[in-house]
Amino acid sequence: MAELEIKNVVKEYSLGKMKFRALEDINLSFEKGELVSIMGESGSGKSTLMNLIGGLDSDYQGDILIDGKNLKDFKDKQLDDYRKKKIGFVFQSFNLIPHLSILDNVTIALTLSNVKESVKNEKAIEILTKLGLKEQIKKKPTQLSGGQKQRVAIARALINDPDIILADEPTGALDSQTTTQILNLLKEIADDEGKLVIMVTHSEKVASISSRVVEISDGKIVRDEKAENYQKRTTKRQLIIHKENQEVAQEKPKKEKHLSFLSALKLSIHNMWASKVKNILMAIGVSISLIALIIMLSFGSGLTGYINSLAQSYSDPTIATISKSGLDRNGNEIEDQGGMSFMPDMFEESEISEIVTELNTYLQQNDSEFRVITEGEDKNLSYGYFMITMAAGSILYTKADGSSASSQIMATYTTPPYYDENQLITDNSTISGEDEIMLSRAIVSAMGYENPEDVVGKTVKLQINFSYNDTLINIDKDVTISGLVDVSVFSGMTVMYIDYDYLDKCVIEAQNTENPTGLKPSQLYIQTDSEQTTDLINRYISQNRKDLTGSVEEQLASMFSEMMSTFSVALAIIGGISLIVALIMILVVLYMSVSERTREIGVLKSIGARKKDIKLIFSTESLLIGIISAISGILLSLIIIGVLSLIFNSLLGFAPIAVEWQYLLIAFVISVVISVLAGLYPASKAAKLDPVESLRHE
Ligand code: ADP
Ligand code: MG
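Owing to the predicted nature of the structure, the values given are computational and were not obtained by experimental measurement. (Residues numbered from 1 in each chain as written. Chains lettered and ligands numbered in written order. Predicted model: local features only at pLDDT ≥ 70, side-chain atom pairs only at ≥ 80, totals over all residues. Heavy atoms only, no water.)

Asker: Talk me through the site of ligand 1; I want residue IDs and the actual numbers.
Answerer: Taken together, 13 residues lie near ligand 1, and Gly43, Lys46, Ser47, Thr48 and Arg696 sit nearest. Between Gly45 and ligand 1, the recorded distance is 3.0 Å, taken from a backbone N or O atom to an oxygen atom. Between ligand 1 and Ser47, the relevant distance is 2.7 Å, taken from an oxygen atom to a side-chain nitrogen or oxygen of the residue. Starting from 550 Å² of accessible surface for ligand 1 in isolation, the protein chains cover 74%. Within the residue set of the shell around ligand 1, elements represented by two or more residues are β1 (4-15), β2 (18-30) and α1 (46-53). (Near = heavy atom within 4 Å. Polar contact = N/O pair within 3.5 Å; in protein donor to acceptor, adjacent residues only side chain to side chain. Areas by Shrake-Rupley, 256 points an atom, 1.4 Å probe, with all protein chains shown as cover. Helix = DSSP H or I, 4+ residues; strand = E, 2+ residues; numbered from the N terminus.)

Given below as structure tokens:
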């Protein structure tokens, strides 16, 4: 039985609607050990024939029989195996994979069969040594001469010990001296190894050393001559030790006979390293979107944390707080009187009694025992006041080093009824009363102390100048700092807490008239009997009194959470857009990479890579991009968040940013997922490339 039989083969290329017949009724039969020269003018159909024999092109009429088996009956998997083990390809343009070393270029065919590293290297080195390339194994293809490159290609073709070597113009790119070397090598392969070597050549001289010459013209065979005096080589230099090859064959039936993930990873790393600038830039691009995401999430959680702590420190479920909302009862904006925007809306006595009456009616209607009481022993309504003092308020003090200094008071609060020792920072603090104030922590460093305890008990001069009910109030008092309060969000600023009655007394003193109005409250606190009652009061206010709202603190908290949600939405949009951009970027880069590597894909297919293998190589690459981007993005965002925290802490005394490990995990997963997703299309495109066209690709 002939090794290879070609029966009535016709090959047509379709050009649009037209058909072009490249091979017409080819009948050939080849035996082991033959060295066949295929000759013919350019365009006569030589490469077409080689591609058909090599199993790269399955679209033909007629039959190609290998050891009697019809190639047409082969399934995809068998065809891949056929290319991998039965055929060795050698091309005119060498087709080495540029980013792999010489050794890796040769072992690649074994890598596709998942042969053990040590075994495949040993085998490759042996063949390369016999081909005189021992010193070159670590080099890259570009560092070799043409003849050396072609010998590497021959080594690659031989590594799987195929029965048939197909060489398409193997010497076409070589000078005459190297041509002779390569021809001798191919002759050895036919003579000593007993392989069928079919080579395409234009040179009669080359043809003259072969055992058989087949000439094609316009797709037809016009000559088929066997050399009568064909001289077999006499010296045997076995290129492949067949016994050892059987060991390799026995080695193979490991779990998987195909490209392993680890080998794909190695190939990807090689390739990515070869175009590292591109890949680093891409990773930076993806990282930026991850950074946006991580920072967004961290800001969100940081701010939420602060708002929660704020709400907690300012709330007591048995105290209902009421202040003016700045709207009228119908919910319309009240015209700003101008000027006094820092001053709070204050309650007139008549307004207070109206609210109390309404509330008590509502409570009664809702079967509550509780009543708001404004006078006497059972009084449960108290007053509060808040103003942004800024330039209007300051305290003068003697610093730790003896010098005099002053600090502006950003905001002045009267101490709310739910304030207790728990809100105080130091053990020696007490809630302030007459001639006393409480300050936020910022005062400690302003006064030049390190220990908060040292500030407590110090006497300072309090000066507040503000316009109140159209008269100028000048408060100028010596007061003692009775304690330091934790004001979370505002801990970087000087905030003052002062007793309502004491402030009222100061105002009356400063008004200095016969009928002083005293301080009017901007907040009403109702000490209720239960959380349910508080809820009832809050419900009444929110449903019936658009002109009223909760406490200033609550307002601040809701303002912050509003700010935060706007901020989060903005960041989420930015983050989302940048992730989409990242995805498209990866897609484009990988897509370009596929077209850059079209030839390489063709080569891989010609040595038996399955579609799955090609897909695996490209998918692994996108996975790697995802992982690298994730790691760099996570590291960079940790650094950025660290810096932001420092800046916030020094500016505000707190950092509304908190990284949680889940965010890093989310970023990691997202990065990997979008990269892998982005890689799907290019990878499947690569896998689907036609091997013949890929090899033709310039
Ligand atoms: P050779 O290798 O002998 O120079 P080829 O086998 O490459 O010639 O090509 C034979 C003929 O088939 C040429 O005329 C070529 O233009 C044509 N041909 C080759 N490949 C294609 C293709 N993919 N589509 C259409 N025509 C093709
Ligand atoms: Mg050709």
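Asker: Just give me the short version of the sheet that holds strand β17 (residues 471-485), but keep the residues and values in it.
Answerer: On the basis of which strands lie adjacent, the closed barrel formed by six strands has the order β13-β14-β18-β15-β17-β16 and mixed pairing. Averaged over all adjacent pairs, the angle separating strand axes in this sheet is 45 degrees, with direction ignored. Inspection of the sheet shows strand β13 (residues 386-398) paired to strand β16 (residues 459-468) by four bridges, in the antiparallel sense. Within β16, the residue paired with Ile395 across the bridge is Leu462. (Pairing = 2+ DSSP bridges. Axes fitted to C-alpha atoms, helices over the stretch in contact; angles between N-to-C directions.)

Asker: Tell me about the pattern of salt bridges, and please be specific about residues and values.
Answerer: Scanning all chains against the criterion turns up 32 salt bridges. Lys520 serves as the salt-bridge partner of Glu348, at 3.0 Å between the closest nitrogen and oxygen. Of this pair, Glu348 sits in the loop between β11 (319-324) and α11 (349-365) while Lys520 sits in the loop between α14 (500-511) and β19 (523-527), placing them 172 residues apart in sequence. Judged by its relative accessible area of 17%, Lys520 is buried. Linked through salt bridges whose partners overlap, the residues forming this network are Glu3, Lys32, Asp67, Lys86 and Asp163. (Salt bridge = Lys/Arg side-chain N within 4 Å of Asp/Glu carboxyl O. Buried < 20%, exposed > 50% of the residue type's maximum accessible area, 1.4 Å probe, protein only.)

Asker: Account for the nonpolar core, naming residues and giving values.
Answerer: By size, the foremost hydrophobic cluster in this structure holds 59 residues, and its most contacted members are Ile154 and Leu186. Residues within four places of Leu186 in sequence aside, it is in contact with Leu35, Ile154, Ile165, Ala167, Pro170, Val197 and Met199. Counting 34 residues, the second-largest nonpolar core is a separate cluster that includes Leu28, Tyr60, Phe74 and Tyr82. (Core = buried A, V, L, I, M, F, W, Y, C linked by side-chain atoms within 4.5 Å. Contact = heavy atoms within 4.5 Å.)

Asker: So, the sheet that holds strand β12 (residues 381-384): which residues are in play, and what are the values?
Answerer: Taken in spatial order, the four strands make up an open sheet running β12-β19-β11-β20, and their pairing is antiparallel. Each edge of the open sheet carries a strand with a single partner, namely β12 and β20 (548-549). Bridge count between β11 and β19: five bridges; the pairing is antiparallel. Among the inter-strand pairings, Ser323 is bridged to a residue of β19, identified as Gln523. On the sheet, helix α15 (residues 531-544) packs against β11, β19 and β20 and is oriented at approximately 20 degrees with respect to β11.

Asker: How would you sum up unusual backbone geometry? Please name residues and give values.
Answerer: Residues other than glycine seldom take positive phi values, yet Asn114 does so here, at roughly 55 degrees. Its relative accessible area of 14% is what places Asn114 among the buried residues. Positive phi values are uncommon outside glycine, yet Asp161 reaches one of about 50 degrees. Mapped onto the fold, Asp161 is located in the loop between α5 (146-158) and β7 (164-168).

Asker: Give me the lowdown on the layout of surface pockets, citing residues and values where you can.
Answerer: Of the volumes computed, that of the second largest pocket is approximately 740 Å³. Around the second largest pocket, the lining comprises 32 residues; the ones closest to its centre are Leu56, Asp57, Ser58, Asp690 and Pro691. Here the lining of the second largest pocket is composed, by residue class, of 10 nonpolar, four polar and 18 charged. (1 Å grid on protein atoms, 1.4 Å probe; cavity = no way out; pocket = protein on both sides within 12 Å on 5 of 7 lines; lining within 4 Å. Points joined across faces, edges and corners; volume = space filled by probe spheres on them. Nonpolar A, V, L, I, M, F, W, Y, C, P; charged D, E, K, R; others polar.)

Asker: So what about the packing of helix α3 (residues 102-111) against α5? Which residues, and what values?
Answerer: Between α3 and α5, the least distance of the axes is 7 Å, while the angle of their chain directions is 30 degrees. Considered as vectors, α3 and α5 are oriented roughly parallel to each other. Note that α3 runs across α5; the crossing there is right-handed. Two secondary-structure elements touch here, α3 through Ile102, Asn105, Val106 and Ile108 and α5 through Val152, Ala155 and Arg156. (Parallel < 35°, antiparallel > 145°, perpendicular 65-115°, else oblique. Left-handed = near helix turned anticlockwise from the far one by under 90°.)

Asker: Could you give an account of the packing of aromatic side chains, with specific residues and numbers?
Answerer: For the structure on display, the rule yields 11 aromatic pairs. Between Tyr383 and Tyr500 the ring centres are 5.9 Å apart and the planes differ by 70 degrees, which places this aromatic pair in the edge-to-face class. One end of the pair, Tyr383, is in strand β12; the other, Tyr500, is in helix α14, with 117 residues separating them in the sequence. You can call Tyr500 buried: its relative accessible area is 8%. Where Phe386 meets Tyr413, the ring centres are 4.6 Å apart and the plane angle is 40 degrees; that geometry is what we call tilted. In this pair, Phe386 sits in strand β13 while Tyr413 sits in strand β14 (residues 404-414), placing the two residues 27 residues apart along the sequence. The residues Phe386 and Tyr413 share a single accessibility class, namely buried. An aromatic cluster is built from Phe386, Tyr413, Tyr418, Tyr419, Tyr497 and Tyr525, whose rings are joined through pairwise contacts. Here the basic side chain of Lys276 rests over the ring of Trp273, its NZ or CZ set 4.7 Å away from the ring centre. (Phe/Tyr/Trp six-rings, centres within 6.5 Å; stacked < 30°, edge-to-face > 60°. Lys NZ or Arg CZ within 6 Å of the ring centre and 35° of its normal.)

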